[in-house]
Amino acid sequence: MQHSTVQGRLVMNLVVSPELSFGIVADLAYEPTDPYAVRFAFNLPGDAPVTWVFARELLLDGLGGPSGEGDVHIHPLDGEPSEVRIALRSPHGDAVLHAPAAPLIAFLARTDRLVPMGQERIGRELDARLAEILGGCDAG
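Residues numbered from 1 in each chain as written. Predicted model: local features only at pLDDT ≥ 70, side-chain atom pairs only at ≥ 80, totals over all residues. Heavy atoms only, no water.

> Can you explain the overall build of the protein chain? Please cite residues and give values.
Scanning the protein chain from terminus to terminus reveals 3 helices and 7 strands. Order of helices (α) and strands (β) in the protein chain, N terminus to C terminus: β-β-β-β-α-β-β-β-α-α. Taking all 140 residues of the protein chain together, the buried fraction comes to 31%. In the protein chain, once contacts between residues fewer than 6 apart in sequence are set aside, the share between residues at least 24 apart is 35%. Taken as a whole, the protein chain presents about 8,500 Å² of accessible surface, with 54% of it coming from carbon and sulfur. (Helix = DSSP H or I, 4+ residues; strand = E, 2+ residues; numbered from the N terminus. Buried < 20%, exposed > 50% of the residue type's maximum accessible area, 1.4 Å probe, protein only. Contact = heavy atoms within 4.5 Å. Areas by Shrake-Rupley, 256 points an atom, 1.4 Å probe, with all protein chains shown as cover.)

> A description of the pattern of salt bridges should follow, citing residues and the corresponding values.
Counting across every chain of the model gives 3 salt bridges. As a salt-bridge pair, aspartate 27 and arginine 9 come within 2.6 Å of each other at their nearest N and O atoms. With aspartate 27 in strand E2 (residues 20-30) and arginine 9 in strand E1 (residues 6-17), the pair connects residues that are 18 residues apart, well separated along the chain. Accessibility expressed as a relative area gives 60% for arginine 9, which makes it exposed. A salt bridge links arginine 89 to aspartate 94; its shortest N-O distance comes to 3.8 Å. (Salt bridge = Lys/Arg side-chain N within 4 Å of Asp/Glu carboxyl O.)

> Describe in detail the layout of surface pockets, supporting the description with residues and values.
The computed volume of the largest pocket comes to approximately 250 Å³. In terms of lining, the largest pocket is formed by 13 residues, of which the most central are Leu44, Val50, Trp52, Leu88 and Ala95. Going through the elements one at a time, strand E4 (50-55), strand E6 (80-90) and strand E7 (93-100) are the ones with two or more residues in the lining of the largest pocket. Broken down by element, the lining of the largest pocket gets its largest block of residues, 4 residues, from E7. Grouping the amino acids of the lining of the largest pocket by side-chain chemistry returns 9 nonpolar, 3 polar and 1 charged. (1 Å grid on protein atoms, 1.4 Å probe; cavity = no way out; pocket = protein on both sides within 12 Å on 5 of 7 lines; lining within 4 Å. Points joined across faces, edges and corners; volume = space filled by probe spheres on them. Nonpolar A, V, L, I, M, F, W, Y, C, P; charged D, E, K, R; others polar.)

> With reference to specific residues and values, describe the pairing of E6.
Pairing of strand E5 (residues 72-77) with E6 involves 6 bridges; the strand directions are antiparallel. Among the inter-strand pairings, valine 72 is bridged to a residue of E6, identified as leucine 88. What sits between the antiparallel neighbours E5 and E6 is a turn of 2 residues, in which aspartate 78 has the positive phi angle 55°. Of the strand pairs in this sheet, E6 and E7 are connected by 8 bridges, and their pairing is antiparallel. Across the sheet, residue isoleucine 86 finds its bridge partner in E7, namely leucine 97. Counting the residues that bridge the hairpin from E6 to E7 gives 2 residues. (Pairing = 2+ DSSP bridges.)

> Pulling in residues and values, what's your account of the environment of glycine 64?
Take glycine 64: it is sitting in helix H1 (residues 56-64). Glycine 64 sits in the exposed class, given a relative accessible area of 68%. Considered as a pair, glycine 64 and alanine 101 are 37 residues apart in the sequence and their alpha carbons are 9.8 Å apart.

> Requested: an account of the environment of proline 49, with residues and values cited.
Residue position: proline 49 is located in the loop between strand E3 (37-43) and E4. By relative accessible area, which is 49% here, proline 49 ends up partly exposed. Taking the C-alpha atoms as reference points, proline 49 and valine 25, 24 residues apart in sequence, are found 9.7 Å from one another. Residues in contact with proline 49, not counting those within four places in the same chain, are Ala41, Phe42 and Asn43.

Here's what the structure looks like:
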């Protein structure tokens, strides 16, 4: 069975200091085979892309208010819903990014059309059961 993938691209600002930031391209991806996760591949100049995977619900929640524990924190920038701050922490260092909210909202809406929020588990169970049934047809 073939599944669709939701993809998106946006320019985010990588904040180096309060006075300095620069734009980087982020490729977004969502696959129904991993329905709880979204992937951000950050394309850094002169380096291989750096990919972060985190919960789709975390991104959605972070558009409306502070969200996240541990390595990923997301919240509206300065209380304004038009831009979000994404803070990433890893053993290799921390990064703060600012992104416009509109393309993130549009991306999440497309993921919701593919796998509605709250129905991730149901879809996976149906796929597994269908694969089980179809696998049994080949053995006969």
